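So the chains spell out like this:
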Amino acid sequence: MPTIAQNIADLAARLPQGVRLIAVSKFHPAERLREAYDAGHRLFGENRVQELVAKAPQLPDDVEWHFIGHLQRNKVRQLLPHVAMIHSVHSVELLRLIDKEAARIGRAIDVLIELHVAQEMTKSGFAPDEALSEITPELVSSLANVRLRGVMTMATFTDDMEQVEREFTLAQATFEQLKDGLQLPSFDQLSMGMSDDWPVAVRHGSTMVRIGTDIFGPREY
Ligand SMILES: *Cc1c(COP(=O)(O)O)cnc(C)c1O
């Protein structure tokens, strides 16, 4: 079995320059994250607030925590002090709440708009046309404490790589349209690609891949 350090090194060698690797550490204990940390890795992704908040104090302060799961309104306050970027903003209401809570603790927070391009209805996020009509320059200029950095998406869980490719193509096109409409210099991140589909995502402009299984092995639920 390759070690966590080897897995990270292998991925880093295969990723194009400039594409960031988020190590998705959900369901793995802090000791496993520590192995990645000791190998020099600093970017970790978690999908549950409780778990992120519990792990953050167990790792050094220079870890950059990314929240990638479904975010409930009543968890925003608890999450914000620990997190560098929230990938999964699925509504304007949530965006405004993050802004308000960020103002309360006096910091700016990086966020991504979650796009729903998959076929599963269980996934959340803005449909592409909704994102284009709702994420306007007026909205963005009304938010003083969130920095809108781009878009995140997940493809359908399927072996059909052509479908995955179509979904990533749509996400990339929507990202480009939003970028043109918003004219925000900081809007430069496209978070897409997981263990099974990251090479496709990278071909479609991903700047951040979120990889769990290929780094830490299978998760125990
Ligand atoms: C779990 C998860 C990942 C990582 O999935 P793997 O298939 O284990 O690489 C990426 N993104 C999100 C949003 C996740 O919940």
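Structural notes, computed from the coordinates. (Residues numbered from 1 in each chain as written. Predicted model: local features only at pLDDT ≥ 70, side-chain atom pairs only at ≥ 80, totals over all residues. Heavy atoms only, no water.)

### Observations concerning the side chain of His41
Argument step 1. Checked against the element boundaries, His41 lands in the loop between helix H2 (30-38) and strand S2 (43-46).
Argument step 2. Of note is the side chain of His41, whose polar atom sits 3.2 Å from the backbone oxygen of Leu21.
Argument step 3. Within the structure, His41 has its side chain in polar contact with the backbone oxygen of Leu43 (distance 2.9 Å).
Argument step 4. Aside from chain neighbours lying at most four places away, what touches His41 is Ile8, Leu21, Ala23 and Ala36. (Helix = DSSP H or I, 4+ residues; strand = E, 2+ residues; numbered from the N terminus. Polar contact = N/O pair within 3.5 Å; in protein donor to acceptor, adjacent residues only side chain to side chain. Contact = heavy atoms within 4.5 Å.)

### Examining the site of the ligand
Argument step 1. Close to the ligand lie Val24, Lys26, Ile68, Met152, Met154, Met194, Ser195, Arg210, Ile211, Gly212, Thr213 and Arg219, which account for all nearby residues.
Argument step 2. Here an oxygen atom of the ligand sits 2.7 Å away from a polar atom, N or O, in the side chain of Lys26.
Argument step 3. At 2.6 Å from an oxygen atom of the ligand is found a side-chain nitrogen or oxygen belonging to Ser195.
Argument step 4. Contact with the protein chains removes 91% of the 390 Å² of surface that the ligand exposes when unbound.
Argument step 5. Its atoms largely coinciding with the cavity grid, the ligand occupies the largest pocket.
Argument step 6. Here the shell around the ligand is built from residues that sort into six nonpolar, three polar and three charged. (Near = heavy atom within 4 Å. Areas by Shrake-Rupley, 256 points an atom, 1.4 Å probe, with all protein chains shown as cover. 1 Å grid on protein atoms, 1.4 Å probe; cavity = no way out; pocket = protein on both sides within 12 Å on 5 of 7 lines; lining within 4 Å. Sits in = over half its atoms within 2 Å of the grid points. Nonpolar A, V, L, I, M, F, W, Y, C, P; charged D, E, K, R; others polar.)

### Concerning the pattern of salt bridges
Argument step 1. Taken as a whole and judged by the stated rule, the model has 14 salt bridges.
Argument step 2. Salt-bridge contacts for Lys55 lead to Glu46; the nearest nitrogen and oxygen are separated by 2.7 Å. Summarising the burial analysis for this pair, Lys55 and Glu46 share the class buried.
Argument step 3. Between Arg73 and Glu93 there is a salt bridge whose closest N-O contact spans 3.3 Å. One end of the pair, Arg73, is in the loop between strand S3 (64-67) and helix H4 (76-79); the other, Glu93, is in helix H5 (residues 92-104), with 20 residues separating them in the sequence.
Argument step 4. You can call Arg73 partly exposed: its relative accessible area is 44%. (Salt bridge = Lys/Arg side-chain N within 4 Å of Asp/Glu carboxyl O. Buried < 20%, exposed > 50% of the residue type's maximum accessible area, 1.4 Å probe, protein only.)

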